[in-house]
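# Fold and contact review
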Amino acid sequence: MPRPAIGTLVIVLLLGARSFAEEEPAPADTSRAEIHALLTELQKAANAEDDAAIARLFHAQTLVEELERQGFLQHVPEKRRVTVRRAMALRLQMGLGGNLVDPFVSFEIRRVFETESPGRQKVYVRSQDRDGWTSKTHWYVVRRPEGWRLYDLEEIDGGIRASSVMGVVLVEMLAGGVQEIRGWSSVARLLPEAFDALGEGDFEKARTLATELEGLRLPDVIGCVLQMVLATIDNYDENTEKALDRLARAQKMNPDAPGVHYIRATVLNQANRFEEALAAARTYVSLVDPDPEVNVELARALIGLKRPGEAVAPLEEALRESPGNGEALAYLAAALPDDRTGVLVAHLKKMHDKDNGFTDATDTAYAADLTDALRRLIAAGAQIVPEHRDVHYYAGVLLYDEATEVAHYKAAAKHLERAVDIVARTDLPDDTRKTYLEVYIDAMLGAEEPVAAFERAFDSRFAFHLLVLRLDDRDDAKRLRGLLEAGKEQAGVPNERRFATGAIEAHEGRHAEAVEILSSLQIKLTAAKPESDSEAESLLHEVEDQLVRSLVRTNKLDLAEALGKDIAKRDNDWRYVAIVAAKRGNVAKVREAILRGVDGEVDMVWYFEDEDLEDELKKDAYKDIRTKHYAGDDDG
């Protein structure tokens, strides 16, 4: 969902009342040039953050008249209206400025509409802010003796007019609804933060903020936008039906919000419901125009319908308007015929920010499983940005994903090592750098060279931690010993070293020794509250996993069961309760634990490959459970 680029008030309440009249496109005349000049002045004032200059470009009295026309003053006694009008005009004149307009570096007037009121027009403007975000806005202007002036605005995708938001607040103020005003204050704080979180890909933060908003009593126009935010989060969770239900609710709340159709197209495309996605995208185009974002959704649907030739034109249009659109570049790579792939090189050359643009394109192609498109992008990148980390990274990833032999993994690791060398010299966030390193380490494990991976890693502590866990998963005691020897001087990983020692004992059948080592480590890690450290938390889970196995093998079933119950209580993970019950031959308890695990979305089947438990778990009752709950699961 594109983040709006207009100011705090309208970002907060991306909403608006329904249109009161159908507008017709205005004839081309001198007013278009004059309005362009007005918006140019606004751009200069906004970029200079000159609130006084911005305020002079608004006509507050016309905004008051708009509020009255929409019916927000109908309950105000006539004798009070003059006073209310004057107070509002003064307050709006003082308050307009930075509260309504954020800086924007460019704008384009797309269409001009005549309204039902003489001397007033609605102008569809597409603008771009300093961060590259595109905003689609209707600006309402009025002709005054001193020239054209602004009096209202509407964020198109949300369908909300600033006047409508002000009117709702005004009614609450006139009614003395102090508690409601506090509620509006929460909306003004939370909704922009939720949009920023979505823009940054932080869906958990957006979910928390949106959930807090759900607890407020909101008018439909604002509830519409909240449902759109929540639908976007549901789509991220791959909960298609819930997202579509929210969008239906949003459309009912505000039938004139075009953004509902855009989000619906993204949801349906993700669910591979391409015919419906195409219809939703075309509905949005009919209400607004074919902007870059919706052109990508149109193309996604057409590619999904095996009509790639029809997808090329909207994608090239998207890239003409938004040259840095990596998502459009990715789908263009999928849609182009073989004899036109050179077009990708041309578009990549035009990208102002080639680094982020190429990353967006390759990430999109990989996430959408567009393997041929990814190969084409890598070839184009090798010509234009040959030292880009993702040219080498995705070349390695494609080899890694298809690898079945040691030689294949070595070939993948060669590319990935080059990517890691480049990443090591960047200022990318630490989590991002570790992602590249993690894939390289996995390739080196496939190449049977874990010690070399450790020695070449730019973050030796992270590499040692990850390798210990990976080698433990493989029950590879020999290479764990080699890693311990190579990392004997490695500082900051005493817990990993101790775990590796315990794991080696377990893998070589000395489970009593393993229990002694791992029990004390489990107590230490638990006391340190590892949930605040992702690496420590993952280590604790591995320690507990191996500890339960070793306790079972030494027949310390009461201790194993107690630990399993603690884990179940903490993580809703019932695997360990089930494995102890299986060892005891308690099929009913195995069944109960497995069913709890299924409800908690914990995949338990893989855990029961332990040879010591094979006989118990081959009982008919367990087979029935497995068949019922894992039917069609390739991994099961």
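Residues numbered from 1 in each chain as written. Predicted model: local features only at pLDDT ≥ 70, side-chain atom pairs only at ≥ 80, totals over all residues. Heavy atoms only, no water.

### Quick look at the overall build of the protein
In terms of regular secondary structure, the protein is built from 32 helices and six strands. Expressed as a percentage of its 636 residues, the buried residues of the protein come to 52%. By element, 48% of the accessible surface of the protein is carried by carbon and sulfur atoms, the whole surface being about 29,700 Å². (Helix = DSSP H or I, 4+ residues; strand = E, 2+ residues; numbered from the N terminus. Buried < 20%, exposed > 50% of the residue type's maximum accessible area, 1.4 Å probe, protein only. Areas by Shrake-Rupley, 256 points an atom, 1.4 Å probe, with all protein chains shown as cover.)

### What about the confidence of the model for the protein?
Confidence in the prediction for the protein averages 83 pLDDT; 83% of positions are at 70 or higher. With pLDDT under 50 throughout, residues 609–614 is counted as low confidence; its partners more than four residues away or in other chains account for six contacts. (pLDDT = per-residue confidence, 0-100. Contact = heavy atoms within 4.5 Å.)

### A look at the nonpolar core
L315 and F499 are the most contacted members of the largest nonpolar core, which totals 118 residues. Setting aside residues up to four positions removed in sequence, L315 forms contacts with V296, A299, A328, Y331, L332 and A335. Counting 23 residues, the second-largest nonpolar core is a separate cluster that includes L42, A46, F58 and F104. (Core = buried A, V, L, I, M, F, W, Y, C linked by side-chain atoms within 4.5 Å.)

### A look at the packing of helix α23 (residues 460–473) against helix α27 (residues 534–553)
Put simply, α23 and α27 touch, their axes get as near as 11 Å, and they point 25° apart. In terms of orientation, α23 and α27 fall into the roughly parallel class. When the axes of α23 and α27 are compared, the crossing they make is left-handed. Note on element contacts: α27 touches α23 through E535, S538, L539, E542 and Q546, opposite F462, H465, L469, D472 and D473. When the residues that make up the contact of α23 with α27 are grouped by side-chain class, the tally is three nonpolar, three polar and four charged. (Axes fitted to C-alpha atoms, helices over the stretch in contact; angles between N-to-C directions. Parallel < 35°, antiparallel > 145°, perpendicular 65-115°, else oblique. Left-handed = near helix turned anticlockwise from the far one by under 90°. Nonpolar A, V, L, I, M, F, W, Y, C, P; charged D, E, K, R; others polar.)

### Overview of the pattern of salt bridges
The tally for this structure, following the rule as stated, stands at 45 salt bridges. Two residues, R320 and E317, come together in a salt bridge whose shortest N-O distance is 3.0 Å. Taken as a pair, R320 and E317 lie in helix α14 (residues 308–321) at a separation of three residues, close to a single helical turn. Taking the relative accessible area as the measure of exposure, R320 reaches 55% and is therefore exposed. E317 sits in the partly exposed class, given a relative accessible area of 27%. The salt bridge partner of E508 is R510, with a shortest N-O separation of 2.5 Å. R510 gets classed as partly exposed once you look at its relative accessible area, which sits at 30%. A single network of salt bridges, built from pairs that share partners, joins E108, R110, R126, D289 and E321. (Salt bridge = Lys/Arg side-chain N within 4 Å of Asp/Glu carboxyl O.)

### Brief notes about the pairing of strand β3 (residues 120–128)
With eight of nine residues buried, β3 lies mostly within the body of the structure. Of the pairings in the sheet, the one linking strand β2 (residues 106–114) to β3 comprises eight bridges and is antiparallel in character. Along β3, the bridge assignment pairs I109 with V125. The antiparallel hairpin formed by β2 and β3 contains five residues in its connecting segment, where G119 sits at a positive phi of about 80°. Looking at chain direction, β3 and strand β4 (residues 134–144) are connected through nine bridges and run antiparallel. Directly across from Q128, in β4, lies its bridge partner T134. (Pairing = 2+ DSSP bridges.)

### Details of helix α11 (residues 259–270)
The terminal C-alpha atoms of α11, which comprises 12 residues, lie 17 Å apart, in line with the 16 Å expected from a rise of 1.5 Å per residue. Of the surrounding secondary structure, the elements contacted by the buried residues of α11 are α9 (220–236), α10 (240–253), α12 (274–287) and α13 (292–304). Phi for N272, located one or two positions after α11, is positive at around 60°. (Expected span 1.5 Å × (residues − 1).)

### What about helix α16 (residues 342–350)?
Taken together, the buried positions of α16 are V343, L344, V345, H347 and L348. Buried residues in α16 make contact with α14, α15 (326–335), α17 (354–367) and α18 (371–384).

### Some thoughts on the packing of aromatic side chains
Evaluated as defined, the whole model comprises nine aromatic pairs. Taking 6.1 Å as the distance between ring centres and 80° as the angle between the ring planes, the aromatic pair formed by F104 and F107 counts as edge-to-face. Among the residues examined, F104 registers a relative accessible area of 9% and is labelled buried. An aromatic cluster is defined as three or more aromatic residues linked by ring pairs; in this entry it consists of Y366, Y393, Y394 and Y436. In this structure, R120 packs its charged tip against the face of Y151, placed 5.4 Å from the ring centre. K122 extends its terminal NZ or CZ atom over the ring of F113, reaching a point 5.0 Å from the ring centre. (Phe/Tyr/Trp six-rings, centres within 6.5 Å; stacked < 30°, edge-to-face > 60°. Lys NZ or Arg CZ within 6 Å of the ring centre and 35° of its normal.)

### Focus: the packing of α27 against helix α29 (residues 575–583)
At a closest axis distance of 11 Å, the pairing of α27 and α29 adopts a crossing angle of 10°. With respect to α29, the element α27 is oriented roughly parallel. Facing D545, V548 and V552 of α27, the residues of α29 in contact are Y576, I579, V580 and K583. Taken together, the residues of the contact of α27 with α29 sort by class into five nonpolar, no polar and two charged.

### A look at unusual backbone geometry
A positive phi is found at E238, a non-glycine position, where the angle reads about 60°. Tracing the backbone shows E238 in the loop between α9 and α10. Residue E238 is classed as exposed on the basis of its relative accessible area of 65%. One non-glycine residue, E448, lies in the positive phi region at around 60°.

### Some points on the environment of V468
By the secondary structure assignment, V468 is in helix α23. The contacts of V468, once residues within four sequence positions are left out, are L480, L483, E496, F499 and A500.

### Structural notes on the pairing of β4
Regular strands have side chains that alternate between both faces of the sheet. Most of β4 is tucked away: nine of the 11 residues are buried. Bridge analysis of β4 against strand β5 (residues 147–155) gives eight bridges, and the strand direction is antiparallel. If you follow T137 over to β5, its bridge partner there is E155.

### Concerning a negative patch on the surface
Together, E327, D353, D360 and D363 make up a region of like negative charge exposed at the surface. Tracing the chain through its elements places D353 in the loop between α16 and α17. For D353, a relative accessible area of 37% puts it in the partly exposed group. (Patch = residues over 30% accessible without salt bridge, like charges linked within 9 Å, V, L, I, M, F, W, Y side chains within 5 Å. Lys, Arg positive; Asp, Glu negative; His and termini not counted. Charge placed at Lys NZ, Arg CZ, Asp CG, Glu CD.)

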